[in-house]
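Residue-level structure breakdown
Single-letter residue listing:
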Amino acid sequence: LPVGAATVEVVWRDLPPGRYAAVVYHDRNGDGKLNTLPVGLPTEPYGFSNNARGTVGPPAWDKAAFEVTSGAQTQAIRLR
């Protein structure tokens, strides 16, 4: 999605109930991928649902996962 502000909102409609996790990143240079250093550290802002963080690499599924039930729900993800 194009980013034109400090905050971006994405809405998924009719998402089936279940357990989900999300990862987002800001593709600053528009090349369609999360750029990294040769050792694998991201050079573009990224974040995970629940604002989960991993020690080395992405967080564990249980840290980022959230339940989707009926009704509106919100996940706010801060990019780092």
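Residues numbered from 1 in each chain as written. Predicted model: local features only at pLDDT ≥ 70, side-chain atom pairs only at ≥ 80, totals over all residues. Heavy atoms only, no water.

**Some words on the pattern of salt bridges**
As enumerated under the stated definition, the model contains two salt bridges in all. Across the pair Arg19 and Asp62 runs a salt bridge whose closest N-O atoms are separated by 3.6 Å. Highlighted residues: Arg19 in strand E1 (residues 18–20) and Asp62 in helix H1 (residues 61–64), separated in sequence by 43 residues. Residue classification places Asp62 among the exposed residues on the basis of a relative accessible area of 58%. Between Arg19 and Glu67 there is a salt bridge, and its shortest N-O distance comes to 3.7 Å. Here Arg19 is found in strand E1, whereas its partner Glu67 is found in strand E4 (residues 66–68), with 48 residues between them in sequence. (Salt bridge = Lys/Arg side-chain N within 4 Å of Asp/Glu carboxyl O. Helix = DSSP H or I, 4+ residues; strand = E, 2+ residues; numbered from the N terminus. Buried < 20%, exposed > 50% of the residue type's maximum accessible area, 1.4 Å probe, protein only.)

**Examining the environment of Val23**
The topology assignment puts Val23 in strand E2 (residues 23–25). Spatially, the C-alpha atom of Val23 lies 9.4 Å from that of Pro58, the residues being 35 residues apart in sequence. With residues up to four places along the chain from it excluded, the contact list for Val23 reads Gly47 and Phe48. (Contact = heavy atoms within 4.5 Å.)

**Comments concerning unusual backbone geometry**
Positive phi outside glycine occurs at Asp14, with the angle close to 60°. The exposed category is assigned to Asp14, whose relative accessible area is 78%. Although it is not a glycine, Asn51 sits at a positive phi angle of roughly 50°. Structurally, Asn51 can be placed in the loop between strand E3 (46–48) and H1. For Asn51, a relative accessible area of 31% puts it in the partly exposed group.

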